[in-house]
Amino acid sequence: MTILRGVIANSSQFSGLKETWQRLGRIDLTSKPVIISLIVAHTLTVFGFEIGRVGERPLFTLAIALMAEVLFWGTYLTLYALQIWLFRDSNSVLAKIFIIVFSNTVRTMSLELALFEFGLLDELRIADRFLGDQTGILMLLIGIAYIQVVVFDLGTQELELDQAKQRLSENARASKSSAETADKLLRAKAQELLGGQLRAIAKYLKSAKAPAAERLTNEIQDLIDSRVRPLSVDLWRQLERIEDSSTSDSGLRKSRWPRKVAPASDFRPNVIIGLSGLNIFITAPGLSNWPLAWSFSLWMLTFPVLGFVLAKLYPKTVTHSTWLGASISGILGLIAWLPSILYLVSRSDDFPELSVLAFTSSSVIVFTSVAVAVWSSFKRERLEYLVQIENLNAERSRQLAIVDQAVWVARRNWSYLIHGTVQGALTVAISRVQLAGQVTPELVGQVLQDVERARAALDEPQSFSQSLDDVWPQIAQTWDGVCAVSHSTSAEAASLLATSSATSTCVAEIAKELVSNAFRHGKATEVDISISVDAPGDILITSTNNGASVKKTKNAGIGSEMFSELTSHWSWKNTPKGPRFTAVIPVAPNP
Amino acid sequence: MNFNLRILAVDDDPLVSTLLKQTLQAMGYDVETAHSAAEASKVAKSFDPDIAIVDVDLGAGPDGFDLATALKNASPALAVVFLTNVSDPRLAGKTTRNLPAGAGYLLKSKMGDSRELGNAIEEVARGRGKNFRDDLQVSHPLKKLSNSQLEVVRLLANGKSNEEIALIRGTTVRAVRLILVRAFKALGISESGGSERRVQAALEYMKVAGIPK
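Conventions we followed
- Residues numbered from 1 in each chain as written.
- Chains lettered and ligands numbered in written order.
- Predicted model: local features only at pLDDT ≥ 70, side-chain atom pairs only at ≥ 80, totals over all residues.
- Helix = DSSP H or I, 4+ residues; strand = E, 2+ residues; numbered from the N terminus.
- Buried ≥ 20, exposed ≤ 12 C-beta atoms within 10 Å, placed from the backbone.
- Contact = placed C-beta atoms within 7 Å.
- Nonpolar A, V, L, I, M, F, W, Y, C, P; charged D, E, K, R; others polar.
- Pairing = 2+ DSSP bridges.
- Axes fitted to C-alpha atoms, helices over the stretch in contact; angles between N-to-C directions.
- Parallel < 35°, antiparallel > 145°, perpendicular 65-115°, else oblique.
- Left-handed = near helix turned anticlockwise from the far one by under 90°.
- Core = buried A, V, L, I, M, F, W, Y, C linked by C-beta atoms within 7 Å.
- Expected span 1.5 Å × (residues − 1).
- Arc of directions from axis to C-beta.

**Brief notes about the overall build of chain B**
- Assigned secondary structure in chain B consists of nine helices and five strands.
- When the elements of chain B are put in sequence order from the N terminus, they spell out β-α-β-α-β-α-β-β-α-α-α-α-α-α.
- A burial count over chain B gives 52% of its 213 residues as buried.
- In chain B, once contacts between residues fewer than 6 apart in sequence are set aside, the share between residues at least 24 apart is 62%.

Given below as structure tokens:
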């Protein structure tokens, strides 16, 4: 047993068995499913096997079977209590197998002895039926363990589903919170940065007695304080929509049970005959002889063949509730088992007890077919959950990546507006004053013009979006003679990028950074960038260069930080031809 | 023959570059302007400048560091002066290693001081740019921060959560928290500030560095 356990534990081929073995250890022998399953199995064997093979005085046989059942449960519960009391370990697989096998042996022996003592049997058949009884009861336990494994996994999956929902909500909230912070800080910075310059200019214009001075500076202050916002109204709506959809259950389907299944795919003839065949084959020699058991095993081979045909014939598009699906699976099992039943019945003239085996083996096949269907149903539910979680995560990640893109572009635009246009105009105004040294009407006019430009830029902020067509020549021209930049954009990618100015801007930024990084860090002299469509709605950027290999540095730096922010995912790989970069960018359609 | 120093002034803001051109011409230099890195590269080929005065932020397209690197590579004798609102290259996500050797670094507030600007140009042209490095002299609270603290505060000002910062830097959230605590201390932000400490640190960053892009 130690060797078997070692093989199961160490071989990846036995991962399913290993899981079942571990699950067997966690079966609660006093749980309702186990107790009810054992009672049902015993009742079925009493009515289908014991009473059938004795043939006379069925009520007396039933009373003896009841007595054996009492002994079984007495032994079972005592051994279970001893296990807990002595070893304080309720998870030992071997202990559980021992409890089941020993209690069942007590039941079998007491039943056989009582039937023999009271003259209901001509001879004792304890050894003949021992293996069949024990494999049967272990098979039942394995069946319960299998179902418990998938039920447990399903429970875990539901928990993961809840956690995934929670994570998505948190991500959406974090995105919104980041955007709010960015908005607040950007405005605070603009107020702080421009306030000093505005005050200096206002002071100068006041001293120069320029009539429009106060109005202009006040207007600018008002624009910065309350009217011009770094993040657009559309962006806020988008963020709120994501937050709302993350907190609602709309995107996720909760577990429903029993669920719809197609019995054809749940009916697995090879698995069924593999699980139940051993028990049936071992029972046969006790009720007949070994030659017949072997010839019967050949008939058993008709089961997978016929079962396969039946499963193929069953329309896969028709689905039923789990219980109806399991029933159909049981019926298919019974039909596929029919040739074996007919064989057993045909040989019952020589061995009368084979007609009993025909009944019990059918029960075993039906039970196994139903158990496999239920197990399969739970497993499919679990897989569907997994797909659901993955799809949902992918979709929400995409949405958040799109929002991150938009926030990034908004922040950049704001920076250009404040640092570039507005601050530039005010810096020029102050510099004019400093350079001139004395107040002249011409100078006052120029300063007023500068301030007016700053006001106009704030009043109607320009869009700083850039198209790839504009950026490629700029990149190539800047690095001309230093690093040759080649590029290609597929027609599909170009038309997709035409739908989104934000994504187009982001792709341009990434292209710019790729060339710069390739030269700075790898001294590359050739960089090639190609842009194509990955999955529908996603742009794929691939870049190769002939520079030095990329070292994995702990500190990611601004480039990789930008890549993380703007892309769904990105990676560097060193190839024999040089470093290769790939990134996928979700396309954010224009609002 | 004209032996004046030839200066290429690069700023994406036409107002700034025009004023700069006027100022420099008044000081006796030959000046050409460009408004983007691409245009500057093109002009440099025909104008063959002695000095390039470059803004760090050049709008869409390659930035001032990209341009300076490309220009120096094409013409190693070229002197470079950065004229910018970004008081420390580290705040733009770069390091001093991104500055070409001998480059000067002036803040735009110096634009109105023609004497200071003239001195800087003359000295940098003679390879003495280290005497005109406002990025090294400017005193601001962020100077007290180590590179890693500055990097974390920059990400903070970028609206990143601790989890995101940890992910970007490839460290643990705990490490980010510890760096932030030390950064708050170095910036003189009160320990009892709670979440406001993050906002204060981000504001300190923006006061010096501007809006992170």
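**Here we look at the overall build of chain A**
- Scanning chain A for helices and strands turns up 19 helices and seven strands.
- In chain A, which comprises 591 residues, the share counted as buried stands at 39%.
- Sequence separation of at least 24 residues holds for 79% of the intrachain contacts in chain A that already meet a minimum separation of 6.

**Overview of the interface of chain B and chain A**
- Taken together, the contact between chain B and chain A spans 44 residues of the former and 54 residues of the latter.
- Elements with a contribution of two residues or more to the side of chain B that touches chain A: α1 (14–26), α2 (37–47), α3 (64–74), α6 (147–157), α7 (162–169) and α9 (196–209) of chain B.
- Of the residues forming the side of chain B that touches chain A, the biggest block, six residues, is contributed by α3 of chain B.
- Partitioning the side of chain B that touches chain A into residue classes produces 17 nonpolar, 15 polar and 12 charged.

**So, the sheet that holds strand β7 (residues 578–586) of chain A**
Residue and element names in this part refer to chain A.
- Across the sheet, which stays open at both edges, the five strands sit in the order β3-β4-β5-β7-β6 with mixed pairing between neighbours. This sheet does not close on itself; its edge strands, each paired only once, are β3 (484–489) and β6 (569–575). The sheet shows a mean angle of 15° between the axes of neighbouring strands, direction not considered.
- Both β3 and strand β4 (residues 526–533) contribute to a ladder of six bridges, which runs parallel. Along β4, the bridge assignment pairs Val485 with Val527.

**Here's the deal with the sheet that holds strand β4 (residues 79–84) of chain B**
Residue and element names in this part refer to chain B.
- Reading across the sheet, the five strands line up as β2-β1-β3-β4-β5 and stay open at both edges, with parallel pairing between neighbours. Every interior strand has two partners, whereas the edge strands, β2 (30–34) and β5 (104–107), have only one. Going from strand to strand, the sheet's axes swing by 20° on average, the running direction of each strand aside.
- In terms of strand pairing, strand β1 (residues 6–10) meets β2 through five bridges, oriented parallel. In the strand pairing of β2, Ile7 is matched with Val31.
- Docked against the sheet, helix α4 (residues 114–125) engages β1, β3 (51–54), β4 and β5, running at close to 150° with respect to β4.

**Comments concerning the environment of Ala70 of chain B**
Residue and element names in this part refer to chain B.
- By secondary structure assignment, the location of Ala70 is in helix α3.
- You can call Ala70 buried: it has 25 C-beta atoms within 10 Å.
- Separated by 33 residues in sequence, Ala70 and Ala37 place their C-alpha atoms 9.4 Å apart.

**Some remarks on the packing of helix α16 (residues 468–478) of chain A against α2 of chain B**
- One way to put it is that α16 of chain A packs onto α2 of chain B with a least axis distance of 7 Å and a crossing angle of 40°. On the basis of the axis angle, α16 of chain A is oblique to α2 of chain B. Note that α16 of chain A runs across α2 of chain B; the crossing there is left-handed. Taken together, the residues of α2 of chain B that come into contact with α16 of chain A (itself represented by Pro473, Gln474, Gln477 and Thr478 of chain A) are Ala37, Ala38, Ser41 and Lys42 of chain B.
- Within the contact of α16 of chain A with α2 of chain B, the residues separate by chemical class into three nonpolar, four polar and one charged.

**Some remarks on the nonpolar core**
- In terms of nonpolar packing, the biggest core is built from 109 residues, with Val507 and Val515 of chain A together with Val10, Ala52, Ile53 and Val81 of chain B touching the most fellow members.
- Among the elements that make up this core, the one with the highest residue count is helix α14 (residues 354–436) of chain A (20 residues).
- Not counting residues up to four positions away in its chain, the partners in contact with Val10 of chain B are Ala34, Ala40, Ala52, Ile53, Val54, Asp55, Leu58 and Leu67 of chain B.
- Among the nonpolar cores identified, the runner-up in size contains 53 residues, and Leu111, Leu115, Leu344 and Ile365 of chain A belong to it.

**Considerations on unusual backbone geometry**
- The backbone phi angle of Lys523 of chain A is positive, close to 50°, even though this residue is not glycine.
- When you line up the elements, Lys523 of chain A lands in the loop between α18 (501–522) and β4.
- Take Lys523 of chain A: there are 13 C-beta atoms within 10 Å of it, and that puts it in the partly exposed class.
- Although it is not a glycine, Asp48 of chain B adopts a positive phi angle of roughly 50°.

**Looking at helix α8 (residues 173–186) of chain B**
Residues and elements named next belong to chain B.
- Look at α8: 20 Å from first C-alpha to last across 14 residues, which is about the 20 Å you get at 1.5 Å a residue.
- All of the buried residues in α8 are Val176, Ile179, Leu180, Ala183 and Phe184. Burial along α8 is one-sided: seen end-on, the buried residues are contained in an arc of 140°.
- Positive phi appears at Gly188, one or two residues downstream of α8, with a value of about 75°.

**Some details on the packing of α14 of chain A against helix α15 (residues 441–459) of chain A**
Residue and element names in this part refer to chain A.
- At a minimum axis distance of 9 Å, the contact between α14 and α15 shows a crossing angle of 170°. In terms of orientation, α14 lies roughly antiparallel with respect to α15. Judged by residue contacts, Leu417, Thr421, Val422, Ala425, Leu426, Val428, Ala429, Arg432, Val433 and Ala436 of α14 engage Leu443, Gln446, Val447, Asp450, Val451, Arg453, Ala454, Ala457 and Leu458 from α15.
- Grouping the amino acids of the contact of α14 with α15 by side-chain chemistry returns 14 nonpolar, two polar and three charged.

**A look at the pairing of strand β5 (residues 538–545) of chain A**
Residue and element names in this part refer to chain A.
- Sheet topology note: the β4/β5 ladder contains seven bridges and is antiparallel. Bridge pairing in β5 places Val527 opposite Asn545.
- Between β4 and β5, which follow one another and run antiparallel, lie four residues, and Gly537 among them has a positive phi close to 90°.
- Judged from the seven bridges that link them, β5 and β7 form a sheet pairing that is antiparallel. Residue pairing in the sheet places Ser543 in a bridge with Phe581 of β7.

**Section: the pairing of β6 of chain A**
Residues and elements named next belong to chain A.
- With zero of seven residues buried, β6 is to be regarded as a mostly surface element.
- The pairing of β6 with β7 spans seven bridges and is classified as antiparallel. Its bridge partner lying in β7, Thr575 is registered against Gly578.
- Connecting β6 to the antiparallel partner β7 that follows it, the hairpin turn spans two residues.

**Details of the environment of Ala202 of chain A**
Residues and elements named next belong to chain A.
- Mapped onto the elements, Ala202 comes out in helix α6 (residues 126–207).
- Exposure remark for Ala202: the 19 C-beta atoms within 10 Å place this residue in the partly exposed category.
- Placed 15 residues apart in sequence, Ala202 and Thr217 show a C-alpha to C-alpha distance of 6.5 Å.

**Examining helix α12 (residues 302–313) of chain A**
Residue and element names in this part refer to chain A.
- Between its first and last C-alpha, α12 extends 16 Å over 12 residues, near the 16 Å set by a 1.5 Å rise per residue.
- When we look at burial in α12, the residues that qualify are Phe303, Gly307 and Ala311. In a view along the axis of α12, the buried residues occupy a sector of 60°, so they form one face of it. When the buried face of α12 is taken as reference, the exposed residues oriented beyond 90 degrees from it are Val305, Val309, Lys312 and Leu313.
- Residues of α12 that are buried in the fold lie against α9 (263–266), α10 (269–287), α11 (290–300) and α13 (322–346).

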